[in-house]
Amino acid sequence: MSSKSQKSPSRPTAASKHDAYLQKRYGKQQHRRTRSGVLPSPALNIPLDSYTSFVTHLQSSTRIMALLGAGLSAASGIPTFRGPGGFWREHNAMDLATPEAFFKDPGLVWQFYNYRRHMALRAAPNKAHLALAKLAEKRPEFLAISQNIDG
């Protein structure tokens, strides 16, 4: 074979060098352990030092409160009130969620609440729900305040 027919190895591109650097750096982070023994997902893009600091602070806290919003249940497939597919997009709250609304149009109000029940029964807890439940088990003084429609 002539030397002209042999291909020389290609040089890595800048993007592949960067990817390799990130993989190496993440690999080093994986070898470190936090006090909780759980590392954040690389998809979260949270620096390990920030995560470790949060875990340490949470573990030493005596009073913990979580304010929960619509995003928590939206991840389980329950529509929010004002977001895409939300309950208040097509109807005014006063037309659905008051005793006066029921007397005016009981069929619409029943349909609204049946849809809510159906969506809640179909949904499964997501990772955030499970993490909050685990925290509540470990910390009896834990307080969760929810403005979610599914409770």
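What comes next concerns the included structure. (Residues numbered from 1 in each chain as written. Predicted model: local features only at pLDDT ≥ 70, side-chain atom pairs only at ≥ 80, totals over all residues. Heavy atoms only, no water.)

Observations regarding the pairing of strand β1 (residues 65–68)
On β1, burial follows the alternation: Ala66 and Leu68 on one face are buried, whereas Met65 and Leu67 on the facing-out side are not. Note that β1 and strand β2 (residues 143–146) share four bridges and pair parallel. Considered in β2, the bridge of leucine 67 is made with isoleucine 145. (Buried < 20%, exposed > 50% of the residue type's maximum accessible area, 1.4 Å probe, protein only. Helix = DSSP H or I, 4+ residues; strand = E, 2+ residues; numbered from the N terminus. Pairing = 2+ DSSP bridges.)

Brief notes about helix α5 (residues 106–122)
Compared with an ideal rise of 1.5 Å per residue, which puts 17 residues at 24 Å, α5 spans 24 Å between its outermost C-alpha atoms and is within 8% of the ideal. Among all positions of α5, only Leu108, Val109, Phe112 and Met119 are buried. Mapping the buried residues of α5 onto a view down its axis gives an arc of 105°, with all of them on the same face. Set apart from the buried face of α5 by more than 90 degrees, the exposed residues are Gln111, Leu121 and Arg122. On the buried face of α5, the contacting elements are α4 (99–104). (Expected span 1.5 Å × (residues − 1). Arc of directions from axis to C-beta. Contact = heavy atoms within 4.5 Å.)

Concerning a nonpolar patch on the surface
Among the surface-exposed residues, Met65, Leu67, Leu143 and Ile145 lie close enough to one another that they form a single nonpolar patch of about 400 Å² accessible area. Taken together, the elements giving at least two residues each to the nonpolar patch come down to β1 and β2. Checked against the element boundaries, leucine 143 lands in strand β2. Since its relative accessible area comes to 45%, leucine 143 is described here as partly exposed. (Patch = residues over 30% accessible without salt bridge, like charges linked within 9 Å, V, L, I, M, F, W, Y side chains within 5 Å. Areas by Shrake-Rupley, 256 points an atom, 1.4 Å probe, with all protein chains shown as cover. Salt bridge = Lys/Arg side-chain N within 4 Å of Asp/Glu carboxyl O.)

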